[in-house]
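Fold and contact review
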Amino acid sequence: MEHLSVKHAQECILEAIGRLDVETVRLEQALGRVLAEEVRANRDQPPYDVSAMDGYALRGADLAVIPATLALIGDIQAGDMPSLTVQTGQCARIMTGAPLPQGADAVIRVEDTQSAGEGGVQINRAVPAGNDIRRLGENMRNGEVVLNAGTEITPGVIGILATVKCAQLQVTRRPRVAILSTGNELEGMDEPFDPNKIPNSNSYALMAQVQALGIEPVLLGIARDNPAELAEYLQRGLKFDVLLVSGGSSVGVHDYVRPTIEALGVRMLFWRVAIKPGHPLAFGTTSKTAVFGLPGNPVSSMVCFEQFVAPALRGMMGHARLYRRTVTARLAHAVKTRPGRTEFIRVMLSGDDAGGYVATSTGTQSSGVSLSMARADGLLVVPATCNGLAAGGSVTVQLLDGTAFQDDVGFRE
Ligand code: AMP
Ligand code: MG
């Protein structure tokens, strides 16, 4: 099999996986999930015209001459159903959200008034009919579709669901994900320190990448590089929706992952992608499980996760937005690359005086240097056709998690 482009590999994966089935969750558990049903308003909201201010309900026509003095005939609180009627020359004290009384056609905020003594209020500003009134159904109309299936549940969406009193809702199920690391050289977290071994960092970095998508994965541990042990572990992994296997997918004589998973009935759809870092990436499926053979190299593993696994997991969860957000940045320095593979350079982002981003490499881009990933705000994407990038050029940077927040407030008031 030849090297696939990143795009073709992504397409092949998304074609092979499907959206998962639907489950019911409580509203309190729904954040970050994807709605699997259409949601309609079950009432007009607000249910009647209400005041948008703490102030006085009055008739706009009474304010032809300013200041005007009106007779105060009552007090309406939020939650009251007023029975009074405001006649010419009268007003009623009204609170934000309280129903507008009969006869009134405007509200004036309290800041534009003063007491006139003896049950009177002096109005210091003219306002037209309709002023500071929230109209019946302004937020939502009874029966109206307020959320479509496929909507990602953000805090704002939770607010809407609560408004229509959706205590339980249908969402797309989250995939069950297993993570397996392979390699004789690996030392488990609980194993004694051995200076000749390499700590199994991939299982944990991958775990965190999966968690960042709102999924709690299961760590299967470390399988040694022998086909029998590997088969045992892989079989366990094939009970999940998604199996991530780290290492052993390359061309070394002890890279048993691909033949062993094929022997277990996984249909391999591709192996090797024109990506740097990370070309020994394998992907296959059974009727139940999508299997990713990720490169053992820690940086390659993480970069491949972002390009191939994250979109697949989001697709399975029903998301429409599958890919990391990209921004345009100015490159702080020249970058050497060779044409042929799409390269992902780990970069830090800062701001320039013009309000744009500046991208600076996190240092050596050797795929063995995992600090290059730990320091990165994003991945600078160098197209496979490029023969290096010049300083000052405009580049595309894929934002990694964590950059949704920034150091300072970022605006002036
Ligand atoms: P492989 O893809 O199995 O040939 O692994 C390539 C290299 O990646 C190995 O020599 C290790 O240095 C490193 N590596 C493999 N698996 C892991 C892991 N789970 N955690 C950290 N490094 C790993
Ligand atoms: Mg290995």
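Described below are features of the structure shown in this document. (Residues numbered from 1 in each chain as written. Chains lettered and ligands numbered in written order. Predicted model: local features only at pLDDT ≥ 70, side-chain atom pairs only at ≥ 80, totals over all residues. Heavy atoms only, no water.)

This part takes up the overall build of the chain. For the chain, the count of helices and strands is 7 helices and 26 strands. Taking 22 Å as the expected radius of gyration for a compact globule of 413 residues, we find that the chain reaches 31 Å, considerably beyond that expectation. Dimensions along the principal axes, computed over C-alpha positions, put the chain at roughly 95 × 50 × 40 Å. Out of the 413 residues belonging to the chain, those deemed buried represent 44%. (Helix = DSSP H or I, 4+ residues; strand = E, 2+ residues; numbered from the N terminus. Rg over C-alpha atoms; globule rule 2.2 N^0.38 Å. Buried < 20%, exposed > 50% of the residue type's maximum accessible area, 1.4 Å probe, protein only.)

Enumeration over the complete set of coordinates arrives at 2 aromatic pairs. Through a chain of ring-to-ring contacts, the aromatic side chains of Phe270, Phe283 and Phe292 assemble into a single cluster. Across from the ring centre of phenylalanine 240, 5.9 Å away, lies the NZ or CZ of arginine 176, which sits over that ring. (Phe/Tyr/Trp six-rings, centres within 6.5 Å; stacked < 30°, edge-to-face > 60°. Lys NZ or Arg CZ within 6 Å of the ring centre and 35° of its normal.)

This part takes up the environment of asparagine 131. Relative to the elements of secondary structure, asparagine 131 occurs in the loop between strand S9 (120–123) and strand S10 (133–134). Given the relative accessible area of 18%, asparagine 131 is considered buried. Each C-alpha atom of the pair asparagine 131 and glutamine 90 lies 17 Å from the other, and the pair is 41 residues apart in sequence. Sequence-distant contacts of asparagine 131, that is, excluding residues within four places in its chain, are made with Asp105, Ala106 and Val107. Separated by 2.8 Å, the side chain of asparagine 131 and the backbone oxygen of valine 107 make a polar contact. (Contact = heavy atoms within 4.5 Å. Polar contact = N/O pair within 3.5 Å; in protein donor to acceptor, adjacent residues only side chain to side chain.)

Glancing now at the environment of glycine 60. Considering the arrangement of structural elements, one finds glycine 60 in the loop between strand S4 (55–58) and strand S5 (68–76). Exposure remark for glycine 60: the relative accessible area of 16% places this residue in the buried category. Taking C-alpha positions, glycine 60 is 9.2 Å from isoleucine 108, a pair spaced 48 residues apart along the chain. Those residues in contact with glycine 60 that sit more than four places away from it in its chain are Asp105, Ala106 and Val127.

Its location among the elements puts glutamine 307 in helix H6 (residues 298–316). Of note is the side chain of glutamine 307, whose polar atom sits 2.8 Å from the side chain of glutamine 398. If we skip the residues at most four places from it in the chain, glutamine 307 touches Gln10, Ile275, Phe344, Leu379 and Gln398.

It is worth spelling out unusual backbone geometry at this point. Residues glutamine 45 and proline 46 are joined by a peptide bond in cis, for which omega reads -5°. Checked against the element boundaries, proline 46 lands in the loop between strand S2 (39–40) and strand S3 (50–51). Put simply, isoleucine 66 and proline 67 share a cis peptide bond, and its omega is -5°. Looking at the secondary structure, you find proline 67 in the loop between S4 and S5. Of note in the backbone geometry, glutamate 118 takes a positive phi value of approximately 50° without being a glycine.

Once that is clear, we can look at the sheet that holds S5. Working definition: the strands of a sheet are paired by backbone hydrogen bonds and lie parallel or antiparallel to each other. With mixed pairing, the 6 strands of this open sheet are ordered in space as S7-S4-S6-S5-S9-S8. Only two strands of the sheet have a single partner each, and these edge strands are strand S7 (106–109) and strand S8 (113–115). Direction aside, neighbouring strands of the sheet carry axes that sit 40° apart on average. In terms of strand pairing, S5 meets S9 through 4 bridges, oriented antiparallel. By the bridge assignment, leucine 70 is partnered in S9 with valine 121. (Pairing = 2+ DSSP bridges. Axes fitted to C-alpha atoms, helices over the stretch in contact; angles between N-to-C directions.)

A few words now on the site of ligand 1. If you check the shell around ligand 1, you find 14 residues, and the closest are Ser181, Asn200, Ser201, Gly248 and Gly296. A distance of 2.9 Å is found between a nitrogen atom of ligand 1 and a side-chain nitrogen or oxygen belonging to asparagine 200. Within the backbone of serine 201, an N or O atom sits 3.1 Å from a nitrogen atom of ligand 1. For ligand 1, the protein covers 76% of the area, taking 480 Å² as the surface of the free molecule. (Near = heavy atom within 4 Å. Areas by Shrake-Rupley, 256 points an atom, 1.4 Å probe, with all protein chains shown as cover.)

Turning next to helix H2 (residues 155–163). Within H2, burial applies to Val157, Ile158 and Leu161. In an axial view of H2, the angular spread of the buried residues amounts to 105°, which keeps them on one side of the axis. In this fold, the buried residues of H2 make contact with S2, strand S11 (145–147) and strand S12 (168–172). Looking at the residues trailing H2, positive phi occurs at lysine 165, about 55°. (Arc of directions from axis to C-beta.)

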